[in-house]
Amino acid sequence: MMASDLSKTVDISYQPVGRFEDKRYEKMHTEIFPNSSIASIAVAEEIAALIRNKAERGEMAILGLATGSSPIKVYAELIRMHNEEGLSFRNVVSFNLDEYYGLKKEHRQSYWYFMQENLFGHVDILPENINLPSGMVDPEQLNQFCIDYELKIKSYGGLDFQLLGIGRTGHIGFNEPGSHRKSTTRLITLDHLTRSDAAGDFAGLDNVPRKAITMGVGTIMKANRIIMLSWGDKKAEVTRDMIEGEITGELPASFLQDHHNVTVLVDEAASAEIKRIKTPWLVGPVHWDEDLIRKAVVWLAEKESKPVLKLTDRDYNDNGMSSLIALEGSAYDLNIRMFNYLSDTITGWPGGKPNADDSRRPERAEPSKKRVLVFSPHPDDDVISMGGTLQRLAKQGHEVHVVYQTSGNIAVADHDALRFAEFALQFKAISDEDAGSKFYEKAIEMIKNKSENEVEPVELRKIKGLIRRGEAIAATRYCGIKDEFVHYLDMPFYDTGKAKKSPLSDADIKLVADIMEDIKPHQIFAAGDLADPHGTHKVCLDAIFASLAKLKNKAFMKECYVWLYRGAWQEWDVNDIEMAVPISPEELSRKRKAIFFHQSQKDGVMFQGSDHREFWQRSEDRNRGTADLYDKLGLPEYEAIEAFKRYKF
Ligand code: F6R
């Protein structure tokens, strides 16, 4: 893995998914991995090799460490190596990149706290060897503090290794756009986008600090070896700009192009915009399989602003696809084949059309009445992502079950919980049925005296969970689903009382597998957010995949189709869609009303992110957008379309 002589430039021999050899547009050594777990193990191995090599020579390993979601799995693997393989951190000196200004060490969101929770608290690093900028330095001492941090790194001979994540502004450390190539440790004002990305962890944008102390770009660039991690589709664009764009202070991560020994590790989702993945035919020779052909034809039609049937041989030849035309014979044949494929994805019968020839339809005709299991990670993903399809399935007579995987309680604001608790208390008082449990009085006290930092008390979580249950049942009822077919799993991984969730456990998987076995569905719909590396949707999906693997030999499973919808934030690319369900104007307006039932998630939700539209707006924009794309490709024009991709297990 690693050269034994550390004075030499180190290069790692990862075994990535490189689908195409040609990386000519990439200005940095980039490796793409199928997922962040595999990539994180490779990084941990390199760090462990460095630590061991240094230990053999009686030297200290000087590590620059990062926080945030990106390095979590690297740290988890290092902890495993410490526990199971005897990896010692006694010869490690660490320097963290940054800290929020104004946060005490003990604050749950401080980077000091993060490092204790995710690494230092679980390994044998000596406390005196841990260095982190302090968020509480006096303004008058700040300048000297930053100089001292730099001098301390220098006194160890500089960083042997620096781990980095990339922010969506293109920051490294907290060096936001505008940072100088030679900048050193200093106080910086955080960009709005960086703060809104952190808003979820801080339970609202208002609680996110405005400033941070960060190592400078110059400090980072002096490290002997740098590894940059980039996971998830939200990082796809900034990752492309860092790797393929020009070097600019507007995207500080691009300065890394000048580093002599940097590797960027990217998972598949974050690689989506890189040229060799997005448009490989523009980079070099490609192997044309059906997926790639579809991707290329849709891309070409969009680029040329033409319907598929109007693409010409010349369009293909001018855009790096002459080998495709050679393979297919002519643009004419290829266009018709692709047009038919796309038309066949459209169906108004998401549960299959009874008594119809189903040989070219996405779903089977038989059985004509299906048992349908719709998994919804949070209590509103079902209506947001497939509210129109849900209405059709119910109207077409299928037995539709909706299963809410988590309580969604963390996303309910205290003021809503207070409103409900006060209402319940007054209601009890007038109905004179108070059981004397003081449940609501206790809850009201708790909400009023709650400190920002603490884990949400159980009572409060219960009220918030009930709020979401009430909203969910109102919405499903409105879509035509029977009350007895609405199920709540309250998967335990979610219920930590804080934004950070526990890992998926057997207990979670059992809940999901049991309900599948109970209902024996002909169809399963699930949120297919494969890209989201840490979010609730991904964990919920992992539980479904694990359950499918467990049950795959059961007779009912062999007859079951699994359809993936995308969560609230994005849609499948047209070339990936295998079932497109048109939504009429009436259905769309009913869908909007169904989303409105989720009142606690309206008007500036707790986890808003940088997209300020409400859920119903995002959902409509997205469904109308898909319909518009189909229209532009030369297919029928609909008001809106909900899209699904089949998961074959
Ligand atoms: C963390 C840091 C930041 C993060 C970046 C990505 O110490 O300095 O640059 O690496 O914001 O954050 P995540 O990994 O949470 O997406």
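Reading the values: the criteria
Residues numbered from 1 in each chain as written. Predicted model: local features only at pLDDT ≥ 70, side-chain atom pairs only at ≥ 80, totals over all residues. Heavy atoms only, no water. Near = heavy atom within 4 Å. Polar contact = N/O pair within 3.5 Å; in protein donor to acceptor, adjacent residues only side chain to side chain. Areas by Shrake-Rupley, 256 points an atom, 1.4 Å probe, with all protein chains shown as cover. Nonpolar A, V, L, I, M, F, W, Y, C, P; charged D, E, K, R; others polar. Phe/Tyr/Trp six-rings, centres within 6.5 Å; stacked < 30°, edge-to-face > 60°. Helix = DSSP H or I, 4+ residues; strand = E, 2+ residues; numbered from the N terminus. Buried < 20%, exposed > 50% of the residue type's maximum accessible area, 1.4 Å probe, protein only. Lys NZ or Arg CZ within 6 Å of the ring centre and 35° of its normal. Expected span 1.5 Å × (residues − 1). Contact = heavy atoms within 4.5 Å. Salt bridge = Lys/Arg side-chain N within 4 Å of Asp/Glu carboxyl O. Pairing = 2+ DSSP bridges. Axes fitted to C-alpha atoms, helices over the stretch in contact; angles between N-to-C directions.

In the vicinity of the ligand lie 13 residues, with Ser70, Asp98, His171, Gly173 and Lys235 positioned nearest. Contact distances for the ligand include 2.4 Å between an oxygen atom and a side-chain N or O atom of serine 70. The side chain of lysine 235 places a nitrogen or oxygen atom 2.6 Å from an oxygen atom of the ligand. For the ligand, whose unbound accessible area comes to 410 Å², protein coverage reaches 87%. Partitioned by chemical class, the residues of the shell around the ligand number three nonpolar, eight polar and two charged.

What follows covers the packing of aromatic side chains. This model, assessed by the stated rule, comprises 18 aromatic pairs. Between tyrosine 100 and phenylalanine 202 the ring centres are 5.3 Å apart and the planes differ by 90°, which places this aromatic pair in the edge-to-face class. Here tyrosine 100 is found in strand β4 (residues 98–100), whereas its partner phenylalanine 202 is found in the loop between α5 (192–198) and β8 (211–214), with 102 residues between them in sequence. When its relative accessible area of 5% is taken as the criterion, phenylalanine 202 is described as buried. With a centroid separation of 5.8 Å and an interplanar angle of 25°, the aromatic rings of tyrosine 404 and tyrosine 488 are classed as stacked. Of this pair, tyrosine 404 sits in strand β12 (residues 399–404) while tyrosine 488 sits in strand β13 (residues 486–488), and the two are 84 residues apart along the sequence. When its relative accessible area of 26% is taken as the criterion, tyrosine 488 is described as partly exposed. Through pairs of rings, three or more aromatic residues link up here, namely Phe95, Phe145, Tyr149 and Tyr156. If you follow arginine 294 out to its NZ or CZ, it ends over the ring of tyrosine 341, 3.9 Å from the centre. The ring of tyrosine 488 carries the charged tip of arginine 469 above its face, separated from the ring centre by 4.1 Å.

Apart from glycine, the bulk of residues carry a negative phi angle, and the bulk of peptide bonds sit in the trans form. For the peptide bond that leads from glutamate 366 to proline 367, omega is -10°, which places it in the cis range. Looking at where proline 367 falls in the secondary structure, it is placed in the loop between α12 (331–345) and β11 (371–376). Of note in this structure, aspartate 490 is not a glycine but carries a positive phi near 45°. Examined against the element boundaries, aspartate 490 turns out to sit in the loop between β13 and α17 (506–519). One non-glycine residue, lysine 520, lies in the positive phi region at around 50°. As for its position among the elements, lysine 520 is in the loop between α17 and β14 (523–527).

For the rest of this paragraph, the subject is helix α2 (residues 72–85). Because an α-helix completes one turn every 3.6 residues, residues spaced three or four positions apart along the sequence face the same direction. In a regular helix each residue adds 1.5 Å, so 14 residues correspond to 20 Å; α2 covers 19 Å between its end C-alpha atoms and thus fits that length. Those residues of α2 lying buried are Val74, Tyr75, Glu77, Leu78, Ile79, Met81 and His82. Each element contacted by the buried residues of α2 is listed here: α1 (36–56), β2 (61–65), α3 (111–118), β6 (161–165) and β9 (226–230). Remark: glycine 86 follows α2 within two positions and exhibits a positive phi of approximately 70°.

Mapped onto the elements of the fold, leucine 265 is located in strand β10 (residues 262–267). Here leucine 265 falls in the buried class, since its relative accessible area comes to 0%. Taking the C-alpha atoms as reference points, leucine 265 and leucine 564, separated by 299 residues in sequence, lie 27 Å from one another.

This paragraph deals with the pattern of salt bridges. Inspection of every chain in the model, using the stated rule, returns 45 salt bridges. Where arginine 622 meets glutamate 571, a salt bridge forms, and the shortest distance between an N and an O atom there is 3.1 Å. Of this pair, arginine 622 sits in helix α21 (residues 615–632) while glutamate 571 sits in the loop between β15 (561–565) and β16 (579–583), placing them 51 residues apart in sequence. Here arginine 622 and glutamate 571 have matching classes, each one buried. Salt-bridge contacts for glutamate 620 lead to arginine 592; the nearest nitrogen and oxygen are separated by 2.8 Å. Of this pair, glutamate 620 sits in helix α21 while arginine 592 sits in helix α20 (residues 585–596), placing them 28 residues apart in sequence. Given the relative accessible area of 29%, arginine 592 is considered partly exposed.

Here helix α9 (residues 290–304) spans 21 Å end to end across 15 residues, near enough to the 21 Å set by a 1.5 Å rise per residue. Taken together, the buried positions of α9 are occupied by Leu292, Ile293, Arg294, Ala296, Val297, Val298, Trp299, Leu300 and Ala301. In the core, the buried residues of α9 are packed alongside α10 (313–318), α11 (322–328) and α12. Looking one or two residues beyond α9, the residue adopting positive phi is serine 305, at roughly 50°.

Right, let's talk about the sheet that holds β10 for a bit. One key point about sheets: their strands pair by backbone hydrogen bonds, in either a parallel or an antiparallel sense. Taken in spatial order, the seven strands make up an open sheet running β1-β10-β9-β6-β2-β3-β5, and their pairing is parallel. Two strands lie at the open edges of the sheet, namely β1 (29–33) and β5 (130–131), each paired on one side alone. Pairing geometry for β6 and β9, over four bridges, is parallel. Looking across to β9, one finds that glutamine 162 is bridged to isoleucine 226. Docked against the sheet, α1 engages β1, β2, β3 (92–96), β6, β9 and β10, running at close to 150° with respect to β2. Seen against the sheet, helix α7 (residues 236–244) touches β1, β9 and β10 and runs at an angle of roughly 155° to β10.

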